[in-house]
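Spelled out from the first residue to the last, the chains are:
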Amino acid sequence: MEEQDKILHEVTSQEYKFGFVSDFESESIPKGLNEDVIRLISAKKNEPEFMLQFRLDAYRKWLKMPMPDWAYLKIPPIDFQEIIYYSAPKKKPQYESLDEVDPDLIETFNKLGIPLEEQKVLAGVAVDAVIDSVSVKTTFKETLAEKGVIFCSFSEAVKEHPDLVKKYLGMSVPTSDNFFAALNSAVFSDGSFCYIPKGVRCPMELSTYFRINAAGTGQFERTLIVAEDESYVSYLEGCTAPMRDENQLHAAVVEIIAMDRAEVKYSTVQNWYPGNKEGKGGVYNFVTKRGICRGESSKISWTQVETGSAITWKYPSVIMMGDNSVGEFNSVAVTNNHQQADTGTKMIHIGKNTKSTIVSKGISAGLSDNSYRGLVKVLPGAVNARNFSQCDSLLLGSTCGAHTFPYIEVGNKSSIVEHEATTSKIGEDQIFYCNQRGISTEDAIGMIVNGYAKEVLNKLPMEFAVEAQKLLAISLEGSVG
Amino acid sequence: MLTIKNLRVAIEGKEILKGINLEIKAGEVHAIMGPNGSGKSTLGNVLAGKEEYEILEGEILYEGEDLLELSAEDRARKGLFLGFQYPVEIPGVPMVNFIKTSVNEHRKFKGLEPLTAGEFLKLMREKKELVHLDSQLTNRSVNEGFSGGEKKKNEIFQMAMLEPKLAILDETDSGLDIDALRIVSDGVNALKHPERSTIVITHYQRLLEYIVPDHVHVLYQGKIVKSAGKELALELEEKGYDWLKTHSL
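All of these numbers come straight from a predicted model, not from anything done at the bench. (Residues numbered from 1 in each chain as written. Chains lettered and ligands numbered in written order. Predicted model: local features only at pLDDT ≥ 70, side-chain atom pairs only at ≥ 80, totals over all residues.)

1. Section: the overall build of chain B
(1) Moving on: Within chain B one finds eight helices and 12 strands.
(2) Moving on: Taking 18 Å as the expected radius of gyration for a compact globule of 249 residues, we find that chain B reaches 18 Å, a close match to that expectation.
(3) Moving on: Seen through its principal axes, chain B has C-alpha atoms that stretch 60 × 40 × 35 Å.
(4) Moving on: When contacts within chain B are restricted to residue pairs at least 6 apart in sequence, those whose partners lie at least 24 apart make up 71%. (Helix = DSSP H or I, 4+ residues; strand = E, 2+ residues; numbered from the N terminus. Rg over C-alpha atoms; globule rule 2.2 N^0.38 Å. Contact = placed C-beta atoms within 7 Å.)

As structure tokens, then:
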């Protein structure tokens, strides 16, 4: 444990080398949504005509769509006319010093080993110094530019690389895909754009992992990652620090496109504010993430650790179009108190000899509900397709729920689809055994849960894995009495 | 070391221990024998701090301190060790991580620095030899897929790692063949120390041929009905527990 603490400290005390800052407008527009609002958003961002058309097209489709109700979630009614769709993302300091901040939040920061200066920014305390170093950012961009890698904010990409954006935007998540994707397409404020040219192995792990700047990413985020032939990129998104946000509704879209023999690894650690112990507040997170293996022998893998949000609705998926392409989904989803999560994946096999793997580890505690929902679809032309799914549920206590909804559709006879599922419970006997060896109940739960989730955590990049381990333990604190 | 006075314990409203008195001095080995259901394991669990029991009456002093006031983990850190009758499996947690955490928690409690990786590995190698524990076992998940004998050896290995002051061995002999029994007993005997006391809970006299007790107590229907020297174990073996029924009435 000590060794990990050390690594954690090193990781968290360093500056965020890989971050970039977007230029945000500081004004906002009136609440509500109509075509004028969308025109205004597009105009404020000085977007070219194709972007406006993309947004309007999405909006018109969205108007005709009902809010999805098939998930195992109780979603309170959302008034979409009460939301401000374009607002100043820069938060004004709410406090003069850390002493004024909720002590629980500070304690969590300390447990995660987040440096004091960062704590201030996260909690909304006024800071004097600019933490991000402009020179670090520049060096980073130069290194990438040498390789021809484009990594910038979405707004910047629309300005600097409109042809690329036009070509790939909506390729894997069309505007009509679903209610929340359509809404996002209509109003998204910003996000990230990443382009790896042919034959380039991205020299560093790309990350929007900038806790400091994350406050400005907004509630409708858009990410587009394009990997050309024979390229490789590992992309990290998210944040282990608890993120509070005044916006309750979040609807992000992430699109990945992998061409011939390209590989994209996408890792997320997500810890949005889940609401308090009584289930008040908390973020509703409705995310559409999809990758498309367009090229032959391409590979897309999703790895996610989900601990936050009051409601999570999220199914990172892979469409395997190219022959011999590979899709992977590795997930740990933790729910505690009143949290609800309906999460899983879709693996769509179109090309020949396509392979997919699903490893889902659900952990439920408190009064929460945790559902895995997964579709494995093998089209008639996807001869010799293979899928292996493993869906495990771990329960803490007897007041939580774990549910599994696997859907399997196989359209040919040469494909093999396997599904395994287990449900287990952290027993009092296990806890007592640990106690008897001098290990406290909280540490014991942390150890058992991390052991259970190890298979997925091992897929995360090192710095993420260590933080994610801590995060799992913290998320479950007080869940076994 | 340990003083138990008039201990009465119930579980789910049913009284299991009905007034236990016991005094254990440093360096002594006590055997607690008795038929199934007499309350032997309950006594071990209560001493270790398992929560499901209700203490109706009595007190337990451990090194002069009120044991019942301490949490299970603090009892462990203060040197009380329970060798489990049925060691629990913890999937996904490698034994080596588990015992390292355990050792370092004990050290932290004493205000000591955690062991370095080198020190830890050396200690582990040494102690594994003591109980002839297969060196691959510590890389597997805690007790997962261990045979009955390996689980028991693993308990004694942990005891050796933690060097407790008071070790309670609950039916350590059950499920062991004669070779494993000898190895486990040798391990326990090697850990004998003038400052270390041991409570051996057992059903059969067999184990006591290897681990020789200073005192033997017979627990029957929640009470200690007879205490004597090691010869009592032989007498029990010969006459069986039925003998007690008439004896205790």
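The discussion continues.
2. Quick word on the overall build of chain A
(1) Moving on: If you tally the helices and strands in chain A, you get 13 helices and 19 strands.
(2) Moving on: Long-range contacts, defined here as pairs at least 24 residues apart, represent 85% of the contacts in chain A between residues at least 6 apart.

3. Details of the sheet that holds strand 5 (residues 65–66) of chain B
Backbone-to-backbone hydrogen bonds pair the strands of a sheet. The strands run either parallel or antiparallel.
Residues and elements named next belong to chain B.
(1) Moving on: Pairing is antiparallel across the open sheet formed by four strands, whose spatial order is 2-1-4-5. The open sheet has two edge strands with one neighbour each: strand 2 (14–24) and strand 5.
(2) Moving on: By the bridge criterion, eight bridges tie strand 1 (residues 2–11) to strand 2 in an arrangement that is antiparallel. If you follow L2 over to strand 2, its bridge partner there is I24. (Pairing = 2+ DSSP bridges.)

4. Structural notes on the interface of chain A and chain B
(1) Moving on: Taken together, the contact pairs 17 residues of chain A with 21 residues of chain B.
(2) Moving on: Elements that contribute at least two residues to the side of chain A that touches chain B include exactly helix 11 (428–436) and helix 12 (441–457) of chain A.
(3) Moving on: Top contributing element to the side of chain A that touches chain B by residue count: helix 11 of chain A, with six residues.
(4) Moving on: Here the residues of the side of chain A that touches chain B are counted per class, giving seven nonpolar, six polar and four charged. (Nonpolar A, V, L, I, M, F, W, Y, C, P; charged D, E, K, R; others polar.)

5. Points about helix 5 (residues 148–162) of chain B
All names here are of chain B.
(1) Moving on: Taking 1.5 Å of rise per residue, 15 residues should cover 21 Å, and helix 5 covers 22 Å from first to last C-alpha, within 8% of that figure.
(2) Moving on: Across the 15 residues of helix 5, 12 count as buried, placing the element largely inside the fold.
(3) Moving on: For helix 5, the elements touching its buried residues are strand 6 (80–83), helix 3 (95–109), helix 4 (117–130), strand 9 (166–170) and helix 6 (178–190).
(4) Moving on: Two residues or fewer past helix 5, E163 is found with a positive phi of approximately 40°. (Expected span 1.5 Å × (residues − 1). Buried ≥ 20, exposed ≤ 12 C-beta atoms within 10 Å, placed from the backbone.)

6. Notes on the sheet that holds strand 3 (residues 29–33) of chain B
All names here are of chain B.
(1) Moving on: Spatial strand order, 6-9-10-3-11-12: six strands in an open sheet with mixed pairing. Looking at strand neighbours, the two that pair on one side only are strand 6 and strand 12 (223–228), the edges of this open sheet. Along the sheet, successive strands turn relative to each other by an average axial angle of 20°, direction set aside.
(2) Moving on: Two elements, strand 3 and strand 10 (residues 197–202), share five bridges in a ladder whose sense is parallel. Residue pairing for strand 10: V29 is matched across the bridge by T198. (Axes fitted to C-alpha atoms, helices over the stretch in contact; angles between N-to-C directions.)

7. Observations concerning helix 12 of chain A
(1) Moving on: A:G451 marks where helix 12 of chain A bends most, by close to 45°.
(2) Moving on: Within helix 12 of chain A, 13 of the 17 residues are buried, which leaves it mostly tucked inside the rest of the structure. (Bend = angle between axes of the 7 residues up to and from the residue.)

8. A word on the nonpolar core
(1) Moving on: Counting residues in hydrophobic clusters, the biggest one holds 178 residues, and the most contacted among them are A:A227, A:V264 and B:I168.
(2) Moving on: Top element by residues in this core is helix 12 of chain A. It accounts for nine residues.
(3) Moving on: If we ignore the near neighbours within four places in the chain, the residues touching A:V264 are A:I225, A:A227, A:V233, A:Y235, A:I256, A:A258, A:G291 and A:I300. (Core = buried A, V, L, I, M, F, W, Y, C linked by C-beta atoms within 7 Å.)

9. Describing the pairing of strand 4 (residues 54–62) of chain B
Residues and elements named next belong to chain B.
(1) Moving on: In the sheet, strand 1 pairs with strand 4 via seven bridges, with the strands oriented antiparallel. Pairing of T3 across the sheet is with L61, part of strand 4.
(2) Moving on: As defined by bridge partners, strand 4 adjoins strand 5 across two bridges and the pair is classed as antiparallel. Directly across from L61, in strand 5, lies its bridge partner D66.

10. A closer look at unusual backbone geometry
(1) Moving on: Notably, A:N324 is not glycine yet its phi reads approximately 60°, a positive angle.
(2) Moving on: Mapping A:N324 onto the fold places it in the loop between strand 12 (317–320) and strand 13 (326–335).
(3) Moving on: Notably, B:N143 is not glycine yet its phi reads approximately 60°, a positive angle.
(4) Moving on: If you trace the backbone, B:N143 turns up in the loop between strand 8 (141–142) and helix 5.
(5) Moving on: The class of B:N143 is buried, set by 22 C-beta atoms lying within 10 Å.

11. A closer look at the packing of helix 3 of chain B against helix 5 of chain B
Between two packed helices, what matters for the description is the angle formed by their axes and the separation of those axes.
Residues and elements named next belong to chain B.
(1) Moving on: At a minimum axis distance of 10 Å, the contact between helix 3 and helix 5 shows a crossing angle of 30°. Here the hand of the crossing between helix 3 and helix 5 comes out right-handed. Note on element contacts: helix 5 touches helix 3 through Q158, M161 and L162, opposite I99, S102, V103 and H106.
(2) Moving on: Grouping the constituent residues of the contact of helix 3 with helix 5 by class yields four nonpolar, three polar and no charged. (Left-handed = near helix turned anticlockwise from the far one by under 90°.)

12. Overview of the environment of B:E209
(1) Moving on: Within the secondary structure layout, B:E209 lies in the loop between strand 10 and strand 11 (215–220).
(2) Moving on: A sequence separation of 24 residues divides B:E209 from B:A233, and the C-alpha atoms of the two residues are 9.4 Å apart.

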